[in-house]
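# Coordinate inspection notes
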Amino acid sequence: MTPKEFFEFAKKHNAEMVDLKFTDFLGSWQHCTFPVDTWDEDTFKKGVGFDGSSIRGWQGIHMSDMLAIPVSDTARIDPFFAKPTVSVIANIVDPVTLEEYSRDPRHIARKGIEFLKSTGIADTCYIGPEPEFFIFDEVRFQQTQNMGFYQIDSVEGAWNTNRIEEPNLGYKPSYKGGYFPVSPTDTYHDLRGDMVVEMRKLGIVVEAHHHEVGTAGQSEIDMKYAELLTMADQFMWYKYIIKNVAKKNGKTVTFMPKPIFEDNGSGMHTHLSLWKGGKPLFGGKDYAGLSEMALHAIGGVLKHANALLAFAAPTQNSYRRLVPGFEAPVNLVMSQRNRSAAVRIPMYHEDPKAKRFEFRCPDPSANGYLAFTAIMMAAIDGIQNKISPGNPLDKDIYEMSTKELEKVPHVPGSLAEALHALAGDNKFLTKGGVFTEDVIETWINYKTKNEIKQLSLRPHPYEFYLYYDN
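These numbers were taken from a predicted model, which means no experiment stands behind them.

Analysis parameters
Residues numbered from 1 in each chain as written. Predicted model: local features only at pLDDT ≥ 70, side-chain atom pairs only at ≥ 80, totals over all residues. Heavy atoms only, no water. Patch = residues over 30% accessible without salt bridge, like charges linked within 9 Å, V, L, I, M, F, W, Y side chains within 5 Å. Areas by Shrake-Rupley, 256 points an atom, 1.4 Å probe, with all protein chains shown as cover. Salt bridge = Lys/Arg side-chain N within 4 Å of Asp/Glu carboxyl O. Lys, Arg positive; Asp, Glu negative; His and termini not counted. Charge placed at Lys NZ, Arg CZ, Asp CG, Glu CD. Helix = DSSP H or I, 4+ residues; strand = E, 2+ residues; numbered from the N terminus. Buried < 20%, exposed > 50% of the residue type's maximum accessible area, 1.4 Å probe, protein only. Phe/Tyr/Trp six-rings, centres within 6.5 Å; stacked < 30°, edge-to-face > 60°. Axes fitted to C-alpha atoms, helices over the stretch in contact; angles between N-to-C directions. Parallel < 35°, antiparallel > 145°, perpendicular 65-115°, else oblique. Left-handed = near helix turned anticlockwise from the far one by under 90°. Contact = heavy atoms within 4.5 Å. Nonpolar A, V, L, I, M, F, W, Y, C, P; charged D, E, K, R; others polar. Pairing = 2+ DSSP bridges.

### Quick notes on a negative patch on the surface
- A grouping of Glu-5, Glu-8, Asp-40, Glu-41 and Asp-42 is seen on the molecular surface, where their side chains present a negatively charged patch.
- Locating Glu-5 in the fold gives a position in helix H1 (residues 3-12).
- For Glu-5, a relative accessible area of 38% puts it in the partly exposed group.

Following this line, the structure appears as structure tokens:
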């Protein structure tokens, strides 16, 4: 869609307003709305100004002016405004140098794609994420000097089998029992269906939706794989649509990786494949029907996994999920079927077009532009340096001895460990200037100051059970 076609599109839909959206450093959409008649075709070259110092992890107050340049072919009719409104995604530019802003996540993804092409390895990276989420009826939380608590509730919660509901009919998915019985146990089929309808209106291809393993409304909606930048844009729409459809129905959604104790967390298993000239490159005759290139790509992801997780599992809560049990992918090995392995090779189809690997460690708290690009960069590094993925782990880990398990490398145990790994292993990310040293340093500093240090200052409620009466 050209800028001229953008205005024709707005007129066709009787849209008098345009909503400009961009993704902040951590992965949340920000927006500002303008009357359409205040824009012209030059707006798509010159952009609109905003205060970059108010965006997390971006500019200092002494150099706060930034420009958002709308990308006309991202235009969609926003489904959640009362008046017809065209939504458009923006790239971020420095108004003085007129250079694209290095900390703009979308810019980093675009640089990653150009770097892939420049290597000659491939011209397209397809990404297929499987984000999971919880649908709750209520959430309450607070942290003050003398109080710290959270409380969530869901009509589906296994803990509510004894609640007075006048009547309580007892259809509650049990802990680890949500995958995937029909209604009436699955009460959210129609709500997920409404979410899918809104996605399809915007051109997002949805392959399936279903209840997930966890009690209390854990769900999954799967988008068909798409080129990396397209998928990163779609992932922003995905979260936006799911949260807003839920709110319209009196529900709340969280993409927190581990909101419920002693039940499955929410992951975002991420499928990746490389293509060139319209042909897939990962099908072959090696392990699990993969090509040598695919195995080297997996080798790169496994080698750099600890650093990757600083972007792909980027919260302290992420490491409540990445623990043994609960189907968590804690073992840094590959396997053609074992779901506890960090990298799984799906075996549903033999078609070379279906051959890809699935990195199971990421979760939906990630910034898709950064996480997808980082995973691709690790795969490229593996291919360029012919990194072996090691021997596959096709055993049942629950039947392995402690001595055997000690030999299997594991994911980091905390966000601090992942950030430490990123600080020492980031050369694969800075190739071609895709991730700059400033981006990596800012990410580490922001996460350390605003999350790790802040969590370390606050007593945990369970500490009162452990220590109050010592």
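### What about unusual backbone geometry?
- Residue Pro-167 is bonded to the preceding Glu-166 through a cis peptide linkage, with omega at 0°.
- Topologically, Pro-167 is positioned in the loop between strand E9 (147-153) and helix H4 (189-201).
- The backbone phi angle of Leu-98 is positive, close to 60°, even though this residue is not glycine.
- By the secondary structure assignment, Leu-98 is in the loop between strand E6 (85-93) and helix H3 (105-119).
- For Ala-288, which is not glycine, the phi dihedral falls at a positive 60°.
- When you line up the elements, Ala-288 lands in the loop between strand E15 (279-280) and helix H6 (292-303).

### Some details on the packing of aromatic side chains
- Inspection of every chain in the model, using the stated rule, returns 29 aromatic pairs.
- Between Phe-7 and Phe-44, the aromatic rings sit 6.0 Å apart at their centres with planes inclined by 90°, giving edge-to-face as the arrangement. Of this pair, Phe-7 sits in helix H1 while Phe-44 sits in helix H2 (residues 43-46), and the two are 37 residues apart along the sequence. Phe-44 carries the same exposure label as Phe-7, and that label is buried.
- Where Phe-22 meets Trp-58, the ring centres are 5.7 Å apart and the plane angle is 15°; that geometry is what we call stacked. One end of the pair, Phe-22, is in strand E1 (residues 17-23); the other, Trp-58, is in the loop between strand E3 (48-51) and strand E4 (65-70), and 36 residues separate them in sequence. Taken as a pair, Phe-22 and Trp-58 share a single burial class, namely buried.
- One aromatic cluster is present, formed by Phe-6, Phe-7, Phe-34, Trp-39 and Phe-44 through successive ring pairs.

### Regarding the packing of H4 against helix H5 (residues 228-248)
- Running from amino to carboxyl end, H4 crosses H5 at an angle of 135°, the nearest separation of the two axes being 9 Å. By the angle between their directions, the pair H4 and H5 is classed as oblique. Both H4 and H5 take part in a crossing whose hand is right-handed. Between H4, through Leu-191, Asp-194, Met-195, Glu-198 and Met-199, and H5, the contact on the second element is made entirely by Tyr-238, Ile-241, Ile-242, Val-245 and Ala-246.
- A class-by-class count of the residues in the contact of H4 with H5 yields 8 nonpolar, no polar and 2 charged.

### Considerations on the pairing of E1
- In terms of burial, E1 is largely enclosed, as 6 of its 7 residues are buried.
- Pairing between E1 and E6: 5 bridges, direction parallel. Counterpart to Asp-19 in the pairing with E6 is Ser-87.
- Taken together, E1 and the strand that follows it, strand E2 (residues 29-35), pair antiparallel across an intervening segment of 5 residues, in which Gly-27 is found at a positive phi of about 115°.

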